[in-house]
Amino acid sequence: MAANNNSDPILDEGGGGGVKHEAAGEAGEGKGGGGGAAAAAATQAPAAMLPRSGSRPQLDLSGAAIHGNLEDRNPTILLPNQSDDISHLALDIGGSLIKLVYFSRHAEHSSEDKRKLSTKRRLGMLNGGRRSYPVLGGRLHFVKFETGKLSECLDFISSKQLHRGGVDSPSWRSGAQPDNIVIKATGGGAFKYADLFKERLGVSLEKEDEMDCLVAGANFLLKSIRHEAFTHMDGQKEYVQIDQNDLFPFLLVNVGSGVSIIKVDGHGKFQRVSGTNVGGGTYWGLGRLMTKCKSFDELLELSQRGDNSTIDMLVGDIYGGLDYSKIGLSASTIASSFGKTISDDKELSDYRPEDISLSLLRMISYNIGQISYLNALRYGLKRIFFGGFFIRGHAYTMDTISFAVNFWSKGEAKAMFLRHEGFLGALGAFMSYEKHGLDDLRIHHLVERFPMGAPYISWMEKFVQKGTQITAPVPVGFPVTTGMGGFERPTAKGDILRSDASAALNVGVLHLVPTLDVFPLLEDPKMYEPNTIDLDLNEYKYWFKVLSDHLSDLVDKAVASEGGTDDAKRRGDAFAHAFSAHLARLMEEPAAYGKFGLANLLELREECLREFQFVDAYVSIKQRENEASLAVLPDLLMELDSMNEEARLLALIEGVLAANIFDWGSRACIDDFDMFKKRMLADKKGQPYKRALLFVDNSGADVVLGMIPLARELLRNGTEVVLVANSLPALNDVTANELPGIVAEAAKHCGILRKAAEAGGLIFDAMAGIQDDLKDEPVSVPLMVVENGCGSPCIDFRQVSSELAAAAKDADLLILEGMGRSLHTNLNARFKCDTLKLAMVKNQRLAEKLFNGNIYDCICKFEPGVAT
């Protein structure tokens, strides 16, 4: 596809207190190489690099939401779009409580569960389980234990195997037992109890700074979770919508055993400005001494039945039951906590435990509220967020703090609370795992929103900007056809690989799958010829020169894909010598390997690469291009959905051809769009195609912004869709093994794709039946993936995988996309069902020879099925 910058030249000749903290940032610039998006983006400002190109799993916060009703405390947080397997456990071990945050799939089914198998049996498409399918969705769970009952916490972790990834993790199911397990932990107990964790669970606690974790946890909740923050005044809870652009600065008051008051200026930017030793530990400690309660929660429950007026001296006690209205004090205002006990001739046992608990609670809560406001006043802040397990969602505690802040600020400042108030530190520790650090979280989350300026920016403009991160120009080459073998491997002596140009070669059937079948929808297999152009001497010379000129570039890419090791360099040199020898032999003897078309020449190069163990030379480039394309897919789908049906169909076909991304002055050398539109919108109205086979081409914009939206339109119309992709990597072509992951990422932003992928067994949706926005959607027609039996950009329909042959049984529409499958091969092929062939001609010589046209001209060739 033209938007990719890695096209084969054969196809594309166009080419502490008071201590301030600030997290260190990294600035990176992408280099645009080659043509397409990268070249067009050369003048654009660099965009933030997507974090998913690396091998590190990422925590995906897009669509994160609280599961449960609005009154639940510490509710589970759903991560509906989580696809990577991530670390599962982090702890905050305080002086009073241990807080745990852990991740789980809650997907006990394997990737080939009964539902998927029944779907595939119905479609006749069992593939022997060669591919694994992604799980989409997961949850964050929140659990607490008293620090004095640490054994209960350790037993809980062990029972669920959380320190080993959880019982639903792939490593646990496979029986793998990782060594040197490290768990992130914060709080003083991370130091105090490290030896006990090692002894009981065999894990090491990696300590994280307590303040860093508190701030990171708060920022995560406030930036990512709707219905997290709320106010609580006079018994009334009201949820607060946080303006993401106006969150900072704010005051974070963490009330644990003691109190820390932190001014937060941004991600990783904060300053502990104050605190007090009178906090939750004070309440619990004095409460235990005075009431004999056995737990913090029991003490709080007592307060709900208490009457503090029997213990506290109120303003009314001093003024004869009257208010002191001159200074705004009501008769019920506390003048002195525990003041009445001075004059009463009573022992401790004479006071009700309930009254003592409430008096303690009000004394400490008012004190915290006042100190917090004074610090907010000091820094000119209006928003104060209260966290920590002292609060516990306790209505009277929140009312007391809110009253104090409102009273002293005269209504100008606002106290706000968090539903996960006690887990800020544990959440921050969870986020601190290197493989999904806060920087990655923030960037990944912002990619979903894509805030690239106030004015509306089209998905095309965003894609151009994202193109700056595709850093590597792509070498020559085109994908392969079918094999794991085929050429006699050059012999090796010592450390030197040698290629023998005279070695016997076999370029016949290459055995990738146990059986290769004839594609059942061919009109006449006996008359079928895949190659569009036979190579005469002049054609040989031209294509050999193209391949030879780009050989060094291809070798560089192949060696880089193997880490640039000395061994990879030796194999790269050997490949170059071997392939050059094959080209030389063909120049001397064109019939040396039998009948040879351009498709065979491309296949020869790819087979030769694999013979020297270069499996996927473009893997990192494909990943980066997929990420850049997926980042703008939601905007494209939104734009498409705003169109009427006819305009949308035209935009979809143009999108596949890439003619609408950059203005190259393209023309259509074959244009049957109106015929295809008639069949789609008129003839097929009310009778959609039953099943469409979409033969996909390149990774990146080609599949993500071209074929997947087209597949989505067919699914919307009730057509089953089968995406057909290469069995083996071949330069930048997408493979059947890669497609499920790409579809899973796309499905995060589209209910149609998500339901169809789930229906087709392409993903396992751990959120199915849970998310409110998906519950009532009708059952979808399936979206599936099959492999074609090839490892080439071209396809010979006389030799396809049995899986593809089975999928074709009920198909009534084929869409062949890309030069390899619809131009180099199969341009003249006829099929029993309707066929749409789409390609942009990215080679000037080919354009002139086939159509008397120019580079970047397009074909949209629609052929009704041949009656049998």
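Residues numbered from 1 in each chain as written. Predicted model: local features only at pLDDT ≥ 70, side-chain atom pairs only at ≥ 80, totals over all residues. Heavy atoms only, no water.

Peer 1: Tell me about the confidence of the model for the chain, and please be specific about residues and values.
Peer 2: Confidence along the chain averages 79 in pLDDT terms, with 76% of residues attaining 70 or more. Within the model, pLDDT remains below 50 along residues 126–130, and this stretch shows 10 contacts once partners closer than five positions in the same chain are excluded. Note on residues 772–776: pLDDT is under 50 here. Beyond four places in sequence and across chains, it has 6 contacts. (pLDDT = per-residue confidence, 0-100. Contact = heavy atoms within 4.5 Å.)

Peer 1: Would you mind going over the pattern of salt bridges in detail, with residue names and values included?
Peer 2: Applying the stated criterion to the full structure yields 38 salt bridges. We note a salt bridge from Glu606 to Arg605, for which the minimum N-O separation is 3.2 Å. In the salt-bridge network here, residues are joined through shared partners; they are Asp641, Arg648, Arg712, Glu713 and Arg716. (Salt bridge = Lys/Arg side-chain N within 4 Å of Asp/Glu carboxyl O.)

Peer 1: Any chance you could break down the sheet that holds strand 8 (residues 181–186) for me, citing the residues and the numbers?
Peer 2: With mixed pairing, 7 strands are arranged side by side in an open sheet as 2-3-7-5-4-8-9. The open sheet has two free edges, formed respectively by strand 2 (65–66) and strand 9 (203–207), since each of these has just one partner strand. As judged from the 5 bridges shared by strand 4 (residues 89–93) and strand 5 (residues 97–104), these two strands associate in the antiparallel manner. Among the inter-strand pairings, Leu91 is bridged to a residue of strand 5, identified as Leu100. (Pairing = 2+ DSSP bridges. Helix = DSSP H or I, 4+ residues; strand = E, 2+ residues; numbered from the N terminus.)

Peer 1: Which residues make up the packing of aromatic side chains, and what are the values?
Peer 2: Overall, the coordinates contain 26 aromatic pairs when judged by the stated rule. When the ring of Phe407 is compared with that of Trp408, the centres are 5.1 Å apart and the planes differ by 85°; the resulting orientation is edge-to-face. Residue classification places Phe407 among the partly exposed positions, given a relative accessible area of 29%. Of the residues examined, Trp408 reaches a relative accessible area of 41% and is grouped as partly exposed. Geometrically, the ring pair formed by Phe575 and Phe579 is stacked, given 6.0 Å between the ring centres and 10° between the ring planes. Taken together, the positions of Phe575 and Phe579, both in helix 19 (residues 566–588) and 4 residues apart, correspond to about one turn of that helix. The same class applies to Phe575 and to Phe579, which are both buried. Ring-pair connections join several aromatic residues into one group, and the members of that group are Phe519, Tyr528, Phe695, Phe797 and Phe831. The ring of Phe191 has Lys207 sitting right over it, with the charged end atom 5.8 Å from the ring centre. Taking NZ or CZ as reference, Arg845 lies 4.4 Å from the ring centre of Tyr542, over its face. (Phe/Tyr/Trp six-rings, centres within 6.5 Å; stacked < 30°, edge-to-face > 60°. Buried < 20%, exposed > 50% of the residue type's maximum accessible area, 1.4 Å probe, protein only. Lys NZ or Arg CZ within 6 Å of the ring centre and 35° of its normal.)

Peer 1: I'd love a proper account of the nonpolar core, names of residues and values included.
Peer 2: The biggest cluster of nonpolar side chains holds 65 residues, and the ones touching the most others in it are Leu91, Leu100 and Phe197. No other element matches the 8 residues that helix 7 (residues 210–224) contributes to this core. Setting aside residues no more than four positions away along its own chain, Leu100 makes contact with Leu89, Ala90, Leu91, His141, Phe142, Val143, Phe145, Cys153, Phe156, Ile157 and Phe423. Counting residues in hydrophobic clusters, the runner-up holds 61 residues, among them Ala692, Leu836, Leu838 and Met840. (Core = buried A, V, L, I, M, F, W, Y, C linked by side-chain atoms within 4.5 Å.)

Peer 1: How would you sum up unusual backbone geometry? Please name residues and give values.
Peer 2: Along the chain, Phe248 connects to Pro249 via a cis peptide bond; the corresponding omega equals -5°. As for its position among the elements, Pro249 is in the loop between strand 11 (236–239) and strand 12 (250–255). Phi at Leu731 takes a positive value of approximately 50°, unusual for a residue other than glycine. Along the chain, Leu731 turns up in the loop between strand 24 (720–725) and helix 25 (739–747). A positive phi angle, close to 75°, is found at Tyr856, a residue other than glycine. If you trace the backbone, Tyr856 turns up in the loop between helix 30 (844–851) and strand 30 (858–863).

Peer 1: Go over the side chain of Ser372, please, and point to the residues and values.
Peer 2: On the secondary structure map, Ser372 appears in helix 12 (residues 353–379). In terms of polar contacts, Ser372 uses its side chain to reach the backbone carbonyl oxygen of Ile368, at 2.7 Å. Setting aside its immediate chain neighbours within four residues, Ser372 contacts Leu251, Val253, Ile261, Ile384 and Phe386. (Polar contact = N/O pair within 3.5 Å; in protein donor to acceptor, adjacent residues only side chain to side chain.)

Peer 1: Please give an account of the side chain of Arg648 that cites residues and values.
Peer 2: Structurally, Arg648 is set in helix 22 (residues 645–657). With relative accessibility at 9%, the residue Arg648 sits in the buried group. With residues up to four places along the chain from it excluded, the contact list for Arg648 reads Leu640, Met643, Glu713 and Arg716.

Peer 1: Which residues make up the packing of helix 8 (residues 280–291) against helix 9 (residues 296–303), and what values do they have?
Peer 2: Where helix 8 contacts helix 9, the two axes come as close as 10 Å, and the packing angle between them is 75°. Classified by the angle their axes make, helix 8 and helix 9 are roughly perpendicular. Contacts from Gly280, Tyr283, Trp284, Gly287 and Thr291 of helix 8 reach helix 9 at Phe296, Leu299, Leu300, Leu302 and Ser303. For the contact of helix 8 with helix 9, the class distribution of residues is 6 nonpolar, 4 polar and no charged. (Axes fitted to C-alpha atoms, helices over the stretch in contact; angles between N-to-C directions. Parallel < 35°, antiparallel > 145°, perpendicular 65-115°, else oblique. Nonpolar A, V, L, I, M, F, W, Y, C, P; charged D, E, K, R; others polar.)

Peer 1: I'd love a proper account of the pairing of strand 13 (residues 259–266), names of residues and values included.
Peer 2: The element strand 13 is largely enclosed, with a buried count of 7 among its 8 residues. Counted along the chain from strand 12 to the antiparallel partner strand 13, the turn is 3 residues long. In the sheet, strand 13 pairs with strand 14 (residues 269–276) via 7 bridges, with the strands oriented antiparallel. Bridge pairing in strand 14 places Val264 opposite Phe270. Between the antiparallel neighbours strand 13 and strand 14 lie 2 residues, among them Gly268 with a positive phi of about 75°.

Peer 1: Describe the state of the cysteines, listing the residues and the values that go with them.
Peer 2: All told, the structure shown has 0 disulfides when counted by the stated rule. Here Cys790 stays free of any disulfide, with the sulfur of Cys794 as its closest cysteine sulfur at 9.2 Å. Assessed through its relative accessible area of 0%, Cys790 is described here as buried. (Disulfide = S-S within 2.5 Å.)

Peer 1: Any chance you could break down helix 18 (residues 551–561) for me, citing the residues and the numbers?
Peer 2: Those residues of helix 18 that sit buried are Leu551, Leu554, Val555, Lys557, Ala558 and Val559. Among the residues trailing helix 18, Gly563 stands out with phi positive, at a value near 85°.

Peer 1: Requested: an account of a nonpolar patch on the surface, with residues and values cited.
Peer 2: Residues Ile318, Tyr319 and Leu322 make up a contiguous nonpolar surface patch of about 310 Å² in total accessible area. Its place among the elements puts Ile318 in helix 10 (residues 315–318). (Patch = residues over 30% accessible without salt bridge, like charges linked within 9 Å, V, L, I, M, F, W, Y side chains within 5 Å. Areas by Shrake-Rupley, 256 points an atom, 1.4 Å probe, with all protein chains shown as cover.)

Peer 1: Break down the packing of helix 18 against helix 19 for me, with residues and values.
Peer 2: Where helix 18 meets helix 19, the axes come as close as 9 Å, and the angle between the chain directions of the two elements is 150°. It follows that helix 18 is roughly antiparallel to helix 19 by the angle criterion. Handedness of the helix 18/helix 19 crossing: right-handed. Here helix 18 contributes Leu551, Leu554, Val555 and Val559 to the contact with helix 19, which in turn contributes Ala568, Lys569, Gly572, Phe575, Ala576, Phe579 and Ser580. (Left-handed = near helix turned anticlockwise from the far one by under 90°.)

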